[in-house]
Amino acid sequence: MSIIALGINHRSAPIALRERVAFSGDALPLALTQMRALPAVREAALLSTCNRTELYAVADDEGEALIDWLANVPGGGSDLRSYLYHHQGGDAVRHLFRVATGLDSLVLGEPQILGQVKEAWTSARGAGALGSQLDRLFQQAFVTAKRARTETRIGNSPVSVASVAVRLAEESFARLEDSSVLLIGAGETIELAARHLAQAKVKRLMVANRTLAHAQELASRHGGVALPLVEIDRHLAQADVVFSATASREPVLQQHQVQAALKARRHRPMLLLDLAVPRDIAPDVAELKDAYLYTVDDLERSVEDNRRNRREAAEAAEAIVELQVARFSETQAISHLTGPLRRLRAHGENAREDVLERARRQLAAGQDPEQVIERLAHTLTNRLLHAPTAAVRETARSGNLELAHALDRILTSERTRDASDPAP
């Protein structure tokens, strides 16, 4: 039984594949229930963001059951296997710690991923899929991420995919002070985009969402105008720049809608930034003249400067990750001994109570106290040493001297300790 981590991310798989196995909303609890129901899986958690879908588990096999499950979910497919990365044991621990710290992100050190990892932990707990081992693993991941952000510069000047997208709009398209921007969605990514746009003093901000109340809340915080998503066709032509990040399984903007908007704009260019996985904007929109469509994968080139600037801080954060991986491994090793140590102590306690009760009866019967004490010591010694002595002999007969050497190390350590603690 070991800890498993497997999945795909922005480096291992294109967006067209990632969006096929993205889980959100009602799909997430169902997926967790299905993962936990696999015979080989003892505990499970699922992290699904715009840049990654990852399965974490404590399993009896090496993750084959999870790979089969992921390949067979609606949208999966056998071709998914060639894009998967697969970690086990300490490598799985290290991977989660790097993810939580932002070391494995598209934007190095981005702060949003830690919140997403916490949401994955919360969802797994809510679905009853989380057990003691994964719970400890995620808790240690949170500690690791906090240390990395506190003790290094990995979190200085936080950069998100949303902020990179806003910067791309500023640098490659038009002055935001002269532009009208349409935000589609009302989640964290759109909230971040709205914040950056407001700081850039965007000329006009529109927010469209299926739930109008959510759009109104976000628009009121950033001086924008709220729109119901069903009315997007009426307002799309007014937008010079469009940011979209919803949890929709299907595109919310189709080619014909953008084409009509461009016609109404007399073909003034429109920049569209699709920050969602699955994608919100139909890929064939990129075929339209005067429509400039970017996805999260396209932002990879724009964040390379960010990676270079944070490389030194990342090295320091990697050192913290390695330290925390070692500590977690030590904790795991000790936790695996809890059962045997508890049984060993119970064996000693039972032997003590048994021979002590027998000695009490002998004393009550008038037997010589000196003889009773000697018998008690002899019997207790035999009871305590019989099982380990037999085990050492048995393993030695089979040619395995490891247990005998371990016993010798214990006794040598005990003699050394006795010698350094002279009697008063």
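Residues numbered from 1 in each chain as written. Predicted model: local features only at pLDDT ≥ 70, side-chain atom pairs only at ≥ 80, totals over all residues. Heavy atoms only, no water.

**A look at the packing of aromatic side chains**
Then, number 1: Considering all chains together, one arrives at five aromatic pairs under this definition.
Then, number 2: Here F23 and W69 contribute two aromatic rings whose centre-to-centre distance is 5.9 Å and whose plane-to-plane angle is 15°, an arrangement assigned as stacked. Of the two residues, F23 is situated in the loop between α1 (15–18) and α2 (27–37) and W69 in helix α3 (residues 64–72); the sequence distance between them amounts to 46 residues.
Then, number 3: Since its relative accessible area comes to 11%, F23 is described here as buried.
Then, number 4: With relative accessibility at 11%, the residue W69 sits in the buried group.
Then, number 5: Here W121 and F142 contribute two aromatic rings whose centre-to-centre distance is 5.5 Å and whose plane-to-plane angle is 80°, an arrangement assigned as edge-to-face. Placement of the pair is W121 in helix α5 (residues 112–126) and F142 in helix α6 (residues 132–151), with a sequence separation of 21 residues. Side by side, W121 and F142 carry an identical accessibility label, which is buried. (Phe/Tyr/Trp six-rings, centres within 6.5 Å; stacked < 30°, edge-to-face > 60°. Helix = DSSP H or I, 4+ residues; strand = E, 2+ residues; numbered from the N terminus. Buried < 20%, exposed > 50% of the residue type's maximum accessible area, 1.4 Å probe, protein only.)

**Thoughts on the packing of helix α4 (residues 90–101) against α5**
Then, number 1: Running from amino to carboxyl end, α4 crosses α5 at an angle of 125°, the nearest separation of the two axes being 7 Å. As summarised for this structure, α4 and α5 are arranged oblique, according to the angle between their axes. From α4, L96, V99 and A100 reach across to α5, where they touch I113, L114 and V117.
Then, number 2: By residue class, the composition of the contact of α4 with α5 is six nonpolar, no polar and no charged. (Axes fitted to C-alpha atoms, helices over the stretch in contact; angles between N-to-C directions. Parallel < 35°, antiparallel > 145°, perpendicular 65-115°, else oblique. Contact = heavy atoms within 4.5 Å. Nonpolar A, V, L, I, M, F, W, Y, C, P; charged D, E, K, R; others polar.)

**Re unusual backbone geometry**
Then, number 1: In the segment running from V277 into P278, the intervening peptide bond is cis, with an omega of 0°.
Then, number 2: Mapped onto the secondary structure, P278 falls in the loop between β9 (270–274) and β10 (291–295).
Then, number 3: Phi at R266 takes a positive value of approximately 55°, unusual for a residue other than glycine.
Then, number 4: Looking at the element boundaries, R266 is found in the loop between α11 (255–264) and β9.
Then, number 5: Its identity as a non-glycine residue notwithstanding, D290 has a phi of 80°, on the positive side.

**Notes on the pattern of salt bridges**
Then, number 1: Scanning the model with the defined rule gives 25 salt bridges in all.
Then, number 2: We note a salt bridge from R42 to D60, for which the minimum N-O separation is 3.1 Å. With R42 in strand β2 (residues 41–48) and D60 in the loop between β3 (52–59) and α3, this pair connects stretches of sequence that are 18 residues apart.
Then, number 3: With relative accessibility at 41%, the residue R42 sits in the partly exposed group.
Then, number 4: With a closest N to O distance of 2.5 Å, R221 and E191 form a salt bridge. Placement of the pair is R221 in helix α9 (residues 212–221) and E191 in helix α8 (residues 188–199), with a sequence separation of 30 residues.
Then, number 5: Its relative accessible area of 14% is what places E191 among the buried residues.
Then, number 6: A network of salt bridges, in which partner residues are shared, links R11, R52, E54, R98, D104 and E318. (Salt bridge = Lys/Arg side-chain N within 4 Å of Asp/Glu carboxyl O.)

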